[in-house]
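The lines below spell out each chain.
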Amino acid sequence: MNESTWKDALQDQMPSDLAHQIDIFEGQMALMEQGKLDEKVFAETRLRRGVYGQRYDNGQRHDGLRTQPIDFDSDLVKGPGTMWDAPGMQRIKIPFGGMAPDQMEVLAQVADEYADGILHVTTRQDIQLHYVHIEDTPDMMRRLAAAGVTTQEACGNVVRNVTCCQLAGVCKTEPFDVTPYALAMADFLMGHDDTQDFGRKLKVAFSGCAHTACGLVMMHDLGLLGVIKNIDGVPTRGFTFYVGGGLGAVPHEAKVLSEFVTEDEILPLSQAMARVFARLGEKHNRNRARIKFLVAKLGIEEFRRLVFEEREGLPHDDRWTAYLDTLPHYGEKPLKAPSFLNGEVRPEGFDIWYATNVLAQRQEGYCVATVHLPLGDLTSRQLVQLADVARKYVGDNVRTTVEQNIVFRWVAEADLPNLFRDLKAIDLGDSGAGTIVDITACPGTDTCKLGIASSRGLAGELIKRLTAKSASMPDAIKDLKIKISGCFNSCGQHQVADIGFFGNSRKAGNYKVPFFQVVLGGQWQNNAGSYGLPIGSVPSKRIPEVVDAITERYVAERERGERFQSWATRLGKKEARELLRPFMDTPVYELQPDYFSDWGDPRVFTLGDLGIGECAGEVVSLFSMEIAKAESEAFEAQLALENGEAVRADDLAYQAMLLAAKALVRTEFLDVGDEAERIVEEFRTRFYDSKRFFDPFAKGKFARYLFTRHEQPPINPDVDTARRTIDEAQLFIEATHACELRISEAQAEAEAAQLAALVQKAPKRKVVLPPGFGK
């Protein structure tokens, strides 16, 4: 069908508000094509419709030797540095992860027709499609809207997809089903006037249990934990409100806004919080514009006072409580009557799958079965087939999960063997859900513009190796969580994994090398109850060995019943660093060139034709020597924090930033000295004011960590403050590495150009051969 036909054919099947929003977006596209709309305004507009940029959309791609242009049909852009004709990513909102078979089919159809036929489940229970042309997005949105699915506010500075525990309603330990509250929140806040003026996005999650992973409320901007409180002898539903959590470059654990909020108050209180965030949140410095920074700046007591004060002045809205009338009628309906496995014939492989992928519901005779999706991917054909399987066993009771899988709820136990057979027939019967082979990974360098290292490539390699030895794997490590991000932004949630990794890079001689920072001791349980800390960076190609070394040491040394996080804490940062040390060095390129390319990517991380370091040993620069001091100081800060010395840890982290800044300054000005004020002044003048420290995406974000700590030192810093300073110091050091790398590359290019010019200008000399030469 052509563009106009889809609009006409589906007009009466779409919700009128969504249809109107899609029409508006289509009109804005036309204005952009005519040059009548500012490109920054249009960029935010399309983001709020889930239309996202993708790697190489600036029209360039590095081939391992040099940057090569990508030719597109026109020079039109869809945002700063983003070509109109470049394929992009489309994010599709799935509130609480709920999908019906009819919706699954439409998702498969649009993936097949407008994308590359692959659907990706995200860590926020969304669906993402890649390689989508912007011209196709209005029709795609209409087809989705007709099926009750929207892309509205899937991206942008708004409330993102509201997530919810995939077991809500069937969990044995929850006080009540939080699903209808999550749905009410999603409906209420989407497009609300008070959520349109944020400096950055706001993420919301619902959880029914405090001590499991569940909804991960501790790492969200706004997290709601379902609780029941006895009021005047009456059990009353409500929620504990958490605010100001978040991962990202510098993670913050959420604070309690209120211990108990009754169900009739959760929407108005969320609206009041949104107003405070919109009014007082940072708007100019986007790198500190999340609500976690506002909570940290004001303090939770002042933030709480402002929110409740705002709540008192809100004009009444009937929508605050209208949904409560529907609660008695809410509930999923099982497709089949309960039944039990008993003597059912079990196909080959069933018992292993049953052990890892099946969980008994609190409703007897029913189970939740997980469809394990390695890397979160499935094809459009598989999703169509999966929709048919859902119709056969569970009806509409399907959800995506934050660990990038899909679950079937309300499976009659007796149906499990046949369900397993049907899943195997469509290549979706993998076991291992929730185990060490169920690795979470962000898109990384595959499609993300911010990716530094190949998170999906590394994840795929680890999955292959761990699966091969899963049969003989000790029970102690089978349930460990591994999560991988392609950069520091934590889209892969590496900070709440037992073993986490985030991508960075280093320089060895004249070559760039993909590295991953190793993060140990994060806590997935207790709703992402605590975050791990970075231990050290390791070449990407040695990470599988690192995983083996860590897990083997854990098995050998753990005490009876000791969990990984407790063992990692007992091991200590210093000993953990020693564990990594044998893997941290980079070999000479000529001896092991595979280290200088990333997983699944044949390109070499190279600086071009600038020459190779001496084979007898690397030529170590002054910068490399001095930045090592900063890294050492940052590690000492971690040890101090481990010992409970918050004041010392904070100061050491600050000193680490000063040393890194000094290392960079001394590449140009050897006599900067050791005085903090002068180091900061020289760094600001030479690298920040000139914007040479800026990268294309983070800008000057990491430099401001140094300036803020230098100009506003905390008074008697506590553990939380010290941890944030350590995180900021680590990121500042990484940014210093990146800055020095960019500058050295630019200098090498300039020198090469200068040499070429000299050769060009040099007089041509006639070569006279001596008599008899060559005989």
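Our subject is the structure listed above.
In this report, the structure presented in the accompanying data block is examined.

Procedures and definitions
- Residues numbered from 1 in each chain as written.
- Predicted model: local features only at pLDDT ≥ 70, side-chain atom pairs only at ≥ 80, totals over all residues.
- Heavy atoms only, no water.
- Helix = DSSP H or I, 4+ residues; strand = E, 2+ residues; numbered from the N terminus.
- Rg over C-alpha atoms; globule rule 2.2 N^0.38 Å.
- Buried < 20%, exposed > 50% of the residue type's maximum accessible area, 1.4 Å probe, protein only.
- Contact = heavy atoms within 4.5 Å.
- Pairing = 2+ DSSP bridges.
- Polar contact = N/O pair within 3.5 Å; in protein donor to acceptor, adjacent residues only side chain to side chain.
- Axes fitted to C-alpha atoms, helices over the stretch in contact; angles between N-to-C directions.
- Parallel < 35°, antiparallel > 145°, perpendicular 65-115°, else oblique.
- Left-handed = near helix turned anticlockwise from the far one by under 90°.
- Nonpolar A, V, L, I, M, F, W, Y, C, P; charged D, E, K, R; others polar.
- Core = buried A, V, L, I, M, F, W, Y, C linked by side-chain atoms within 4.5 Å.

**Observations regarding the overall build of the protein chain**
Along the backbone of the protein chain there are 24 helices and 24 strands. What you see for the protein chain is a C-alpha radius of gyration of 28 Å, in line with the 28 Å of a compact globule of 775 residues. Judged by the C-alpha coordinates and their principal axes, the protein chain covers about 100 × 65 × 60 Å. Looking at the protein chain as a whole, 57% of its 775 residues qualify as buried. Excluding contacts between residues fewer than 6 apart, the proportion of contacts in the protein chain whose partners are at least 24 apart in sequence is 70%.

**Some points on the sheet that holds strand β18 (residues 398-400)**
Ordered by their spatial adjacency, 5 strands build an open sheet running β7-β18-β19-β16-β15, and the pairing between neighbours is antiparallel. Looking at which strands have only one partner, the edges of the open sheet turn out to be β7 (98-99) and β15 (358-360). Bridge analysis of β15 against strand β16 (residues 366-371) gives 3 bridges, and the strand direction is antiparallel. Across the sheet, Ala 360 pairs through a bridge with Cys 367, a residue of β16.

**Quick look at the environment of Asp 718**
Considering the arrangement of structural elements, one finds Asp 718 in the loop between α23 (701-711) and α24 (719-761). Sequence-wise, Asp 718 and Ile 426 are 292 residues apart; in three dimensions their C-alpha atoms are separated by 53 Å. In this structure the side chain of Asp 718 is engaged in a polar contact, spanning 2.8 Å, whose partner is the side chain of Thr 721.

**Here's the deal with the packing of helix α17 (residues 543-557) against helix α19 (residues 573-580)**
At a minimum axis distance of 10 Å, the contact between α17 and α19 shows a crossing angle of 135 degrees. Taken together, the axis directions place α17 and α19 in an arrangement best described as oblique. Handedness of the α17/α19 crossing: right-handed. Packed against α17, whose contacting residues are Val 546, Ala 549, Ile 550 and Arg 553, the element α19 presents Glu 575, Leu 579 and Leu 580 at the interface. Here the residues of the contact of α17 with α19 sort into 5 nonpolar, no polar and 2 charged.

**As for the nonpolar core**
Core analysis: the biggest nonpolar cluster contains 63 residues, and Leu 129, Leu 386, Ile 406, Phe 408 and Leu 419 have the highest contact counts within it. Sort the elements by how many residues they give to this core and helix α4 (residues 101-114) lands first, with 7 residues. In terms of nonpolar packing, the next biggest core, distinct from the first, is built from 50 residues, Ala 646, Ala 656, Leu 664 and Ile 726 among them.

These results come straight from atomic positions and should not be treated as a statement about function.
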